[in-house]
Amino acid sequence: MKLYSLKNGVNPRRVRIFLAEKRLSIPIEEFDMETAGHKAPAFLARNPLGTLPVLELDDGTVIAESVAICRYVEEMIPEPPLFGRSALERAQVEMWNRRMELELLLPVIDVFVHTHPFWVGKRRQIGEWGAARREQVAERLRWLDRELEGRPFIAVDRYSIADITAQVALLTARGALKLSIGEDQPNLARWWASVSTRPTARA
Ligand SMILES: N[C@@H](CCC(=O)N[C@@H](CS)C(=O)NCC(=O)O)C(=O)O
């Protein structure tokens, strides 16, 4: 197996953290936005969308989409379970992972793409959309703080893919967007202190 990844890419990091939690070490080929090898014909033959991450199996089969890759790895290596153990847990993890993608990660990416100088000339930027999404992120962080009251992790009582999704969203929000966790958000701060110091956090 081989993972195609993108330096500083938020979705590739989701998968790298997931693999590290599974203690799975496989070859990784890193692309970067400057040289854009992921837009070259050789890579587009693997994933015509030209996006990363992509997992290539030994027989050449390609799996794109972060969650699809993670689900495949979960089936191959069930421990530790990152998608839940029981039917109920799997539903809870699914629910929270979807929420973390739709309510947090995508808005954070929109703020980044539509307002950050890094994307000037690379993407069409609509500043007003970026500003609206920034307000949404701030509101969602307040919501997440309330949800985390009395809970160590986002979906179930152990670390799961929902935490990984929120973690990479927060990483981008804090790093690229200078959006910090408010002093009035102690639950979010506690959760962040716990997930960001895991040995896999820098994978
Ligand atoms: N839904 C996809 C999103 C993939 C995606 O948009 N990846 C970004 C990095 S976070 C990418 O490849 N960007 C490179 C580009 O657009 O040139 C997934 O979860 O894998």
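Residues numbered from 1 in each chain as written. Predicted model: local features only at pLDDT ≥ 70, side-chain atom pairs only at ≥ 80, totals over all residues.

**Quick look at the overall build of the protein**
This is how the line gets drawn: Strands here mean DSSP runs of E at least two residues long; helices mean DSSP runs of H or I at least four residues long; both are numbered from the N terminus. Residues are treated as contacting if the C-beta atoms built from their backbones sit within 7 Å of each other.
Scanning the protein from terminus to terminus reveals seven helices and four strands. Traced from its N-terminal end to its C-terminal end, the protein shows the element sequence β-α-β-α-β-β-α-α-α-α-α. Its C-alpha atoms give the protein principal-axis dimensions of roughly 50 × 45 × 25 Å. Put simply, of all contacts in the protein between residues at least 6 apart along the chain, 65% involve residues at least 24 apart.

**Some thoughts on the nonpolar core**
Convention followed: We define a nonpolar core as a collection of buried residues of the types Ala, Val, Leu, Ile, Met, Phe, Trp, Tyr and Cys that are connected via C-beta atoms lying within 7 Å of each other. Buried means a residue has 20 or more other C-beta atoms within 10 Å of its own C-beta, exposed means 12 or fewer, and partly exposed covers the counts in between; C-beta atoms are placed from the backbone. Domains are outlined according to an automatic or database domain assignment.
Among the nonpolar cores identified, the biggest contains 44 residues, and F18, M100, V108, I161, A162 and A169 are the most heavily contacted of them. Among the elements of the structure, β1 (2-6), α1 (10-21), β3 (54-56), α3 (66-76), α4 (87-115), α5 (127-147), α6 (161-175) and α7 (186-195) are those that each provide at least two residues to this core. Formed jointly, this core draws a minimum of three residues from each of two domains, domain 1 (2-76) and domain 2 (87-195). Every residue in contact with F18, bar those within four places of it in the chain, is listed here: C70, V73, L82, I161 and I164.

**Here's the deal with the domain arrangement of the protein**
The cut-off we apply is this: When residues are grouped by polarity, Ala, Val, Leu, Ile, Met, Phe, Trp, Tyr, Cys and Pro land in nonpolar, Asp, Glu, Lys and Arg in charged, and all others, Gly among them, in polar.
Here the protein is described as being made up of domain 1 (2-76) and domain 2 (87-195). A separation of 22 Å is found between the C-alpha centroids of domain 1 and domain 2. With six residues of domain 1 at the contact, the number on the domain 2 side is six residues. Of all the elements, α1 adds the most residues to the side of domain 1 that touches domain 2, at five residues. Taken together, the residues that form the side of domain 1 that touches domain 2 break down as four nonpolar, no polar and two charged.

**Quick look at the site of the ligand**
As a reminder, the rule being used: The criterion for a residue being near a molecule or strand is a backbone-placed C-beta atom within 6 Å of that molecule or strand.
Around the ligand, the neighbouring residues are L6, G9, V10, N11, G50, T51, L52, P53, E65 and S66. Tallied by class, the residues present in the shell around the ligand amount to four nonpolar, five polar and one charged.

**Some points on the pairing of β1**
Residues in a regular strand project their side chains so that they alternate between the two faces of the sheet. For the record, the criterion: Two strands make a pair as long as DSSP finds a minimum of two bridges between them.
Counting buried positions over the five residues of β1 gives four, a clear majority of the element. As judged from the three bridges shared by β1 and β3, these two strands associate in the antiparallel manner. Looking at the pairing, Y4 lines up with V54 of β3. Direction of pairing for β1 relative to strand β2 (residues 28-31): parallel, over a ladder of four bridges. Paired with Y4 across the strands is E29, a residue of β2.

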